[in-house]
Amino acid sequence: MFAAERRQLILEMVRANGAVSLRELARVVQTSEVTVRRDVRALEAEGLLDRRHGGAVLPGGFTRESGFPQKSHLATAEKTAIADLAASLVEEGEAIVVGAGTTTQELARRLARVPGLTVVTNSLLVAQALAHANRVEVVMTGGTLRGSNYALVGSGAEQSLQGLRVSRAFLSGSGLTAERGLSTSNMLSASVDRALVQAAAEVVVLADHTKLGTDTMFQTVPTDVITRLVTDEPPGHDDRAATELQALADQGVQIAVAGPVGTGGESTPGRPPRRDMPLPGQRRSHGPGTGPQLRSAASMGEPQGPGERARVADLRRR
């Protein structure tokens with residue numbers, strides 16, 4: 001395929017989906033990610049698209065947001081791995097909140113197997129994924145339906161969360177940086193996400209590597225409020241994503257990295273499904289007035305026995 005043909009196909013994919021990862025572009029045009037990155041850079045110079053970490057999006061700056069159909073086709077394998085790992089953090093009988101998003105929808109599909117679970121959500125897609133789970137109770141917020149991501153937003157949603165207290169919140173967003181934390185492109189969605197955070201003792205962010213280093217218009221969760229980030233392994237050439245991960249860890253965020261997945265969504269044989277990055281210091285605790293700490297951040301990743309402590313110590317030495 002000639003360069004002009006490749007770039008036309010890349011442009012058509014981005015226009016159709018709103019955002020596409022470099023990995024997916026390389027697969028479709030049957031070339032290397034290095035070549036695709038060069039093509040994306042050339043198209044950006046012409047003002048036809050914008051580059052993002054690990055992908056390309058329609059031009060539009062901070063205010064543009066892709067709809068659900070577009071987001072659902074971006075980094076699908078990575079979201080599967082992240083959802084698998086995030087689900088392993090949830091215990092039987094727990095009460096949690098789950099925000100809107102394609103990654104949290106994947107998480108909800110796995111939570112259907114956790115007995116005695118109570119899930120509070122403003123997402124129709126999350127609720128639908130759990131609708132037929134026999135031993136999972138689903139509590140939906142009120143609010144106004146936002147059709148682009150099938151989420152309930154507005155004052156009705158926020159008021160229904162007042163007085164609620166759960167062990168942890170699972171949230172996604174449009175971008176994540178160490179400087180500003182999690183952010184999104186829509187003001188109403190950001191406001192509801194902040195209300196979800198206020199209801200939880202801990203905050204777990206689900207974000208694939210394409211969102212690392214991306215900053216969007218409205219901040220939802222400041223970095224010092226994020227307990228843990230569940231993400232995928234950034235490509236070896238993505239130095240900026242790796243740098244962002246280290247910066248988040250330096251600020252006390254626990255980093256859980258999902259292993260690579262195959263076509264079936266399972267971890268690649270012979271590779272660990274996850275690893276936790278070592279932390280430079282103790283996780284900050286919630287201050288007065290934020291409610292009881294139902295589950296400490298340390299307990300989520302604390303080694304339970306001599307063998308496990310040795311494994312973590314070995315990771316830290318690396």
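Residues numbered from 1 in each chain as written. Predicted model: local features only at pLDDT ≥ 70, side-chain atom pairs only at ≥ 80, totals over all residues. Heavy atoms only, no water.

1. Regarding the environment of Q8
Piece 1. For Q8, the location among the structural elements is in helix α1 (residues 3–17).
Piece 2. Measuring from C-alpha to C-alpha, the distance between Q8 and D39 comes to 9.7 Å, with 31 residues separating the pair along the chain. (Helix = DSSP H or I, 4+ residues; strand = E, 2+ residues; numbered from the N terminus.)

2. A short note on the sheet that holds strand β1 (residues 19–21)
Piece 1. The strand order across the open sheet formed by three strands is β1-β3-β2, and the pairing between neighbours is antiparallel. For this open sheet the edge positions go to β1 and β2 (50–52), each flanked by a neighbour on one side alone. Here the strands of the sheet are splayed against their neighbours by 25 degrees on average, with no regard to which way each runs.
Piece 2. Taken together, the three bridges between β1 and strand β3 (residues 55–57) define a ladder with antiparallel strand orientation. (Pairing = 2+ DSSP bridges. Axes fitted to C-alpha atoms, helices over the stretch in contact; angles between N-to-C directions.)

3. Some details on the pattern of salt bridges
Piece 1. Throughout the structure, instances matching the rule amount to 10 salt bridges.
Piece 2. R23 is the salt-bridge partner of E78, the closest N and O atoms lying 2.5 Å from each other. A residue pair is termed long-range when its members are at least 10 positions apart, and E78 in helix α5 (residues 76–87) and R23 in helix α2 (residues 22–29) qualify at 55 residues.
Piece 3. Exposure remark for E78: the relative accessible area of 7% places this residue in the buried category.
Piece 4. On the accessibility criterion, R23 (36% relative accessible area) is partly exposed.
Piece 5. One salt bridge connects D84 with R110, and the closest N-O pair in it is separated by 2.5 Å. Residue D84 is found in helix α5, and its partner R110 is found in helix α6 (residues 102–111); the two are separated by 26 residues along the sequence.
Piece 6. Counted as one network, the salt bridges with shared partners bring together D84, E106, R109 and R110. (Salt bridge = Lys/Arg side-chain N within 4 Å of Asp/Glu carboxyl O. Buried < 20%, exposed > 50% of the residue type's maximum accessible area, 1.4 Å probe, protein only.)

4. Description of the nonpolar core
Piece 1. Membership of the largest hydrophobic core comes to 30 residues, with the highest contact counts inside it found for L176, V205, L229, L248 and I255.
Piece 2. Of all elements in the fold, only β9 (166–171), α9 (187–198), β12 (200–206), α10 (239–250) and β15 (254–258) reach the threshold of two or more residues within this core. (Core = buried A, V, L, I, M, F, W, Y, C linked by side-chain atoms within 4.5 Å.)

5. Focus: the sheet that holds strand β10 (residues 175–177)
Piece 1. Read across the sheet, three strands follow the order β10-β11-β13 without closing on themselves; strand pairing throughout is antiparallel. Bordering the open sheet on either side are β10 and β13 (218–221), each of which pairs with just one other strand. Within the sheet, the average angular offset between the axes of one strand and its neighbour, ignoring direction, is 40 degrees.
Piece 2. Sheet topology note: the β10/strand β11 (residues 181–184) ladder contains three bridges and is antiparallel. In the strand pairing of β11, L176 is matched with L182.

6. What to know about the pairing of β12
Piece 1. Burial of β12 is extensive: seven of the seven residues sit out of reach of the surface.
Piece 2. Sheet topology note: the β9/β12 ladder contains five bridges and is parallel. Paired with V166 across the two strands is A200, which belongs to β12.
Piece 3. Bridge count between β12 and strand β14 (residues 228–232): three bridges; the pairing is parallel. Looking at the pairing, V204 lines up with R228 of β14.

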